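Take a look at the letters that make up each chain.
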Amino acid sequence: MTGLPPSSPSPARGLPARGLHVITWGCQMNVYDSARMSDVLRPLGYQPVETPEAADMIILNTCHIRDRAAEKVFSELGRLRKIKDERTAHGEQTIIAVAGCVAQAEGQEILARAPYVDIVLGPQTYHRLPEMVARAARAGGAVIETDFPAEQKFDFLPDAAAPQTPGNLTAFLTIQEGCDKFCSFCVVPYTRGAEVSRPVASVLAEARRMVESGVREISLLGQNVNAYHGAGPQGDVWGLAQLAEALAAIPGLNRIRYATSHPRDMDAALIAAHRDIPALMPFLHLPVQSGSDKILRAMNRGHTADDYREIVRKLHEARPDLALSSDFIVGHPGETDEDFEATMQLVRDVTFAQAYSFKYSPRPGTPAAGAPLQVPEDVKDARLQALQALLREQQDAFNQSLVGQTVPVLFTSEGRKPGQISGRSPWLQPVHVTGTPDLIGQELPVRITERLTNSLNGVLEEEKVYA
Ligand code: SAM
Ligand code: SF4
């Protein structure tokens, strides 16, 4: 008995078809990791299925960055346990695997509290998943793999695998992982390990495969993506600027993005790349976290608010249409009203097209969690509301500024309304136009006619065509 729908592609030769359901929480890197876990399991006969009820294996890919992460995992596991019990009653086996950063941080706790979980694996070990599945089946007991292995997982991932979902026009490509910066509030250096960059040849090969399968826009991912320092083909070391240049030379790749960047790694070469490489989209996610130098110091960020303003000035000099996105934390230990006002001032000075803002959430084991002067919840709430209102105002103003302009849109899907197609602007806003599905996959000029809450409406302009 299998959970596969009748139309699924055939599984690997000689192996029974098995259903795989992956639940992904958290960042884009988790989305990428989930896709690669599906890739490594494909040779075992695992094919994606829509629901956990139909799956012979369920992977919960978790995120530990904020808010009661572990409780969320245990509550989801409770739901999955019922599904597993139900399937067992019908004679069907189900493997439950917990992956990602909560697995890394709380692996033993997961096995103790949820003994029906079969596999616990950290983000650095998913290339070993097939072996873990075999061990789980053999041993009938739980398998846990949360070490940081000596080998690099990227060297062990299947090369020939189709990139993520075939037919996709946009794709994520992880080029760097881990972090050595140890910001006071952040679990990443503990859950993802030390900073590692993939070799240039491996990144370029994966990008070429993606483009051959139809991808037109690649988002390069890394916890500190602009700290990229990959081994080059001549034994040299390449930075992100050099990598972006080589990627831009791949015929058929229209757009390149990267996230998440750290202000300290925004070097002159990368700023110049925004001037020189048209495929590098003019939209940059550059987290600042706070506008107060005192708090930036306490956060161990290694830059001041004015350093950030100066980087933005240089970026605009290089690429005048560049718009910014950022991350903010309010209520870091020690943050006073004045510190918060400094954040508001930085937002007014820089202006953001989009941003994410969070209340500080103590993460066990991080320096800030045990710091004195924790900020009360109601104060954090009020600051978050004020900040989000200002950021929303700026986002609306940015979107409004595009009304009447003609912008290139990469069309990626049919729209929600009949006769509509949708795509993304260079600044990532969804754009909807009246158009036929044969235009999907093309980058076409669109005159923006209307701002909606989180997207834009426009009309196709026929005369211009982008290569
Ligand atoms: N490497 C990026 C940087 O240096 O800014 C950030 C990556 S982090 C995975 C994503 C975002 O989560 C951070 O920028 C921060 O705003 C937020 N974040 C991380 N830890 C947090 C915490 N303990 N409380 C609230 N927000 C947090
Ligand atoms: Fe976390 Fe980013 Fe700081 Fe690294 S640089 S510790 S990923 S916030």
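Note that the structure is a prediction, hence the values are computed from the model and not measured.

Undergrad: Would you take a moment to explain the nonpolar core for this structure?
TA: In globular proteins that are soluble, nonpolar side chains generally tend to be buried together. Within the largest apolar cluster, 66 residues are counted, with the highest numbers of intra-cluster contacts made by Leu-220 and Leu-243. Setting aside residues up to four positions removed in sequence, Leu-243 forms contacts with Ile-175, Val-200, Val-203, Leu-204, Leu-220, Tyr-228 and Trp-238. Leu-60, Val-73, Leu-111 and Val-120 belong to the second-largest nonpolar core, a separate cluster that totals 24 residues.

Undergrad: Teacher, can you tell me more about the sheet that holds strand β16 (residues 354-359) here?
TA: Think of a sheet as strands paired side by side through backbone hydrogen bonds, with each pair either parallel or antiparallel. One open sheet holds the three strands; their spatial order is β14-β15-β16, and the pairing between them is parallel. Unpaired on one side and paired on the other, β14 (283-285) and β16 mark the two borders of the sheet. Pairs of neighbouring strands in the sheet enclose a mean axial angle of 10°, with direction left out of account. The pairing of strand β15 (residues 323-330) with β16 spans six bridges and is parallel. Pairing of Val-330 across the sheet is with Lys-359, part of β16. Taken strand by strand, helix α10 (residues 305-318) contacts β14 and β15, and its axis lies near 165° from that of β15.

Undergrad: What am I meant to see in the packing of helix α11 (residues 337-350) against helix α12 (residues 377-401) here?
TA: To describe two helices that pack against each other, one gives the angle between their axes and the distance between the axes. The contact between α11 and α12 brings their axes to 10 Å, and the two run at 5°. It follows that α11 is roughly parallel to α12 by the angle criterion. Contact residues: α11 offers Asp-337, Phe-340, Thr-343, Met-344, Val-347 and Arg-348, while α12 offers Arg-383, Ala-386, Leu-387, Leu-390, Leu-391 and Gln-394. Tallied by class, the residues present in the contact of α11 with α12 amount to seven nonpolar, two polar and three charged.

Undergrad: Is there a simple way to explain the side chain of Thr-343 in this structure?
TA: Of note, Thr-343 is situated in helix α11. On the basis of relative accessibility, which here comes to 1%, the residue Thr-343 falls in the buried class. For Thr-343, the residues in contact, after removing those within four places along its chain, are Ser-290, Gly-291, Ser-292, Phe-328 and Leu-387.

Undergrad: Please explain the site of ligand 1 as it appears in this structure.
TA: For ligand 1, the set of nearby residues contains 17 residues, the closest of which are Arg-66, Gln-223, Gln-289, Asp-327 and Ser-361. For ligand 1, a nitrogen atom lies 3.0 Å from a polar atom in the backbone of Phe-185. In this structure, an oxygen atom belonging to ligand 1 sits 2.5 Å away from a side-chain N or O atom of Asp-327. Taking 560 Å² as the accessible area of ligand 1 by itself, protein coverage stands at 90%. Elements supplying a minimum of two residues to the shell around ligand 1: β15 and β16.

Undergrad: Just checking my understanding: could you explain the sheet that holds strand β21 (residues 456-460) for this structure?
TA: Pairing within the closed barrel is mixed, and its five strands lie in the order β17-β18-β19-β21-β20. When strand polarity is set aside, the average angle formed by the axes of neighbouring strands in this sheet is 55°. When strand β20 (residues 443-451) meets β21, the two strands line up antiparallel, connected through five bridges. Looking across to β21, one finds that Arg-451 is bridged to Leu-456.

Undergrad: What is the right way to look at the packing of aromatic side chains in this model?
TA: Counted under the stated rule, the structure contains four aromatic pairs. Between Phe-182 and Tyr-190, the aromatic rings sit 5.5 Å apart at their centres with planes inclined by 80°, giving edge-to-face as the arrangement. Residues Phe-328 and Phe-352 carry aromatic rings whose centres are separated by 5.4 Å and whose planes lie at 90° to one another, so their mutual orientation is edge-to-face. With Phe-328 in strand β15 and Phe-352 in the loop between α11 and β16, this residue pair connects regions lying 24 residues apart in the sequence. A relative accessible area of 3% means that Phe-352 is categorised as buried. An aromatic cluster is present here, built from Tyr-308, Phe-328 and Phe-352 joined pairwise through their rings.

Calculation criteria
Residues numbered from 1 in each chain as written. Chains lettered and ligands numbered in written order. Predicted model: local features only at pLDDT ≥ 70, side-chain atom pairs only at ≥ 80, totals over all residues. Heavy atoms only, no water. Core = buried A, V, L, I, M, F, W, Y, C linked by side-chain atoms within 4.5 Å. Buried < 20%, exposed > 50% of the residue type's maximum accessible area, 1.4 Å probe, protein only. Contact = heavy atoms within 4.5 Å. Pairing = 2+ DSSP bridges. Helix = DSSP H or I, 4+ residues; strand = E, 2+ residues; numbered from the N terminus. Axes fitted to C-alpha atoms, helices over the stretch in contact; angles between N-to-C directions. Parallel < 35°, antiparallel > 145°, perpendicular 65-115°, else oblique. Nonpolar A, V, L, I, M, F, W, Y, C, P; charged D, E, K, R; others polar. Near = heavy atom within 4 Å. Polar contact = N/O pair within 3.5 Å; in protein donor to acceptor, adjacent residues only side chain to side chain. Areas by Shrake-Rupley, 256 points an atom, 1.4 Å probe, with all protein chains shown as cover. Phe/Tyr/Trp six-rings, centres within 6.5 Å; stacked < 30°, edge-to-face > 60°.

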